[in-house]
Amino acid sequence: LTEANLKRVRDYVAVNLHARIVIDDLAALTGYSRFHFARAFAKATGLPPYSYVINQRIAAAQRLLRETDWPIEAVAGATGFSSHAQFTTTFRQLTGTTPSRYRGAASHGLVQNP
C-alpha cells in the first residue's frame, strides 16, 4: 500500500469506529481487490484489517473510559460494538481486564494512556 492509501484507510477507520466497517469498503478506498488489500494492509501494518479495526476500537474505548463518565454500554456503542457483552469480552481479551475495572484503575491514576 502506498502511504496515501494507508492514511486514507486509517482515517476512514478512525471516523467510522462507531459503524460497521467491512473489508470491501476499505479495499475500495485503495482501489485494490479485497484479497490484495488484506495482504498489502497486513504487510504494511503487521495486522490483518479486522484486527486493526478491533485494536482501534479498543484504544478509543480506553480513551472514553478514561476521559468520560459515559455508561459502559454507551462506550460500547460509540466504538462500534453491537452489545455490552461483545464489548466486554473483546476488551478483556485485548487488555486483560474488564472495562469497569479499567475505568476504576484509570480514575485512580493506575493506567497510562495506551
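Residues numbered from 1 in each chain as written. Predicted model: local features only at pLDDT ≥ 70, side-chain atom pairs only at ≥ 80, totals over all residues. Heavy atoms only, no water.

1. Re the overall build of the protein
Here is the rule: In this text, helices come from DSSP runs of H or I with a minimum length of four residues, and strands from runs of E with a minimum of two, each type numbered from the N-terminal end. For the exposure calls, accessible area comes from a 1.4 Å probe over protein chains only, and a residue counts as buried if that area is under 20% of its type's maximum, exposed if over 50%, partly exposed in between. The contact criterion used throughout is that any non-hydrogen atoms of two residues lie within 4.5 Å. In these tables, accessible area is a Shrake-Rupley quantity obtained with a 1.4 Å probe, and a residue counts as shielded only by the protein chains included in the view.
Helices and strands together make up the secondary structure of the protein, namely 7 helices and 0 strands. Considering the protein as a whole, with its 114 residues, one finds that 36% of them fall into the buried category. Long-range contacts, defined here as pairs at least 24 residues apart, represent 52% of the contacts in the protein between residues at least 6 apart. A total accessible area of about 6,800 Å² is found for the protein, and carbon and sulfur atoms account for 53% of it.

2. Details of the side chain of Asn16
On the secondary structure map, Asn16 appears in the loop between α1 (3-15) and α2 (23-30). Excluding anything up to four places from it in sequence, Asn16 contacts Ile21 and Arg57.

3. A closer look at the pattern of salt bridges
Stated formally: Salt bridge, as applied in this entry: a Lys or Arg side-chain nitrogen positioned within 4 Å of an Asp or Glu carboxyl oxygen.
Scanning the entire structure with this criterion turns up 2 salt bridges. For Asp11, the salt bridge identified is with Lys7, shortest N-O distance 2.7 Å. Pair noted here: Asp11 and Lys7 are both in helix α1, with a separation of 4 residues, about one helical turn. One salt bridge in this structure joins Arg34 and Asp24, with 3.6 Å as the shortest N-O distance. Taken together, the residues span a long stretch of sequence, with Arg34 in helix α3 (residues 34-45) and Asp24 in helix α2 at a distance of 10 residues.

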